[in-house]
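# Per-entry structural report
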Amino acid sequence: MAAETKEFKSYLANKCIIGYGIINGIVNAAIFFGMNASSPDVTFAAGKVVEEIVLTGALLGLILTWCVVPLTKMDLRKNVYKANADRNGIIAKLPGGAITLSIPVGIIAAVVAGALALVFTMFLPMPLTRTGMMIFKGCMCAVVGALSGYIVVTRTTAGFEPESK
């Protein structure tokens, strides 16, 4: 029995918040912890925190786009959700292919991640410990991953033309 077609907003919430957001944040935090496992006493000053988050945001936006475009097209072909994205919005005007879309998504992700990191470093106790940076990076990756996923799914859906039968 085929699964029921989801509403676009329900699909977005599920994929972006849970998949590209929360799960991505956990994975990035674990990778960060693994990369710094041999340095338990390392600390991160505000400038290093922002630098790390900007670079991670840019890479996350690029890589996520390369993965999400084909997955979204596959879901569209399988009628997993109703493709009723706004075809006239600003996101619909972004380039449509995985490679060309990854550039603006990477830039948007880096700018948003950097701006948020800069604001948070004004309020967080600096320098951050390894554990503090791991938690912060995981949270930032969850937010930036959800935003990047939203942009990619919305753009891919807006530009999707079903194959004629």
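Residues numbered from 1 in each chain as written. Predicted model: local features only at pLDDT ≥ 70, side-chain atom pairs only at ≥ 80, totals over all residues. Heavy atoms only, no water.

### Quick look at the overall build of the protein
Across its full length, the protein holds 4 helices and 2 strands. Judged by the C-alpha coordinates and their principal axes, the protein covers about 60 × 35 × 25 Å. When burial is assessed residue by residue, the protein has 41% of its 165 residues classed as buried. Residue pairs in contact within the protein that sit at least 24 positions apart in sequence constitute 91% of those at least 6 positions apart. Working note: accessible area of the protein is about 9200 Å², and carbon and sulfur atoms make up 69% of it. (Helix = DSSP H or I, 4+ residues; strand = E, 2+ residues; numbered from the N terminus. Buried < 20%, exposed > 50% of the residue type's maximum accessible area, 1.4 Å probe, protein only. Contact = heavy atoms within 4.5 Å. Areas by Shrake-Rupley, 256 points an atom, 1.4 Å probe, with all protein chains shown as cover.)

### A short note on the packing of aromatic side chains
Taken as a whole, this structure holds 4 aromatic pairs when the rule is applied. Ring geometry for Phe32 against Phe44: centres 5.5 Å apart, planes inclined by 55 degrees, an arrangement best described as tilted. Placement of Phe32 in helix 1 (residues 8–35) and of Phe44 in strand 1 (residues 43–44) is noted, with a sequence separation of 12 residues between them. Its relative accessible area of 6% is what places Phe44 among the buried residues. (Phe/Tyr/Trp six-rings, centres within 6.5 Å; stacked < 30°, edge-to-face > 60°.)

### Thoughts on the nonpolar core
What tends to happen in soluble globular proteins is that the nonpolar side chains get buried as a cluster. Residues Tyr20, Val68, Tyr81, Leu101, Val152 and Val153 are the most contacted members of the largest nonpolar core, which totals 18 residues. The set of elements that each furnish at least two residues to this core consists of helix 1, helix 2 (46–77), helix 3 (98–121) and helix 4 (130–158). For this core, the leading source of residues is helix 1, giving 5 residues. Listed in part, the 17 residues of the second largest apolar core include Ala29, Val49, Met134 and Val144. (Core = buried A, V, L, I, M, F, W, Y, C linked by side-chain atoms within 4.5 Å.)

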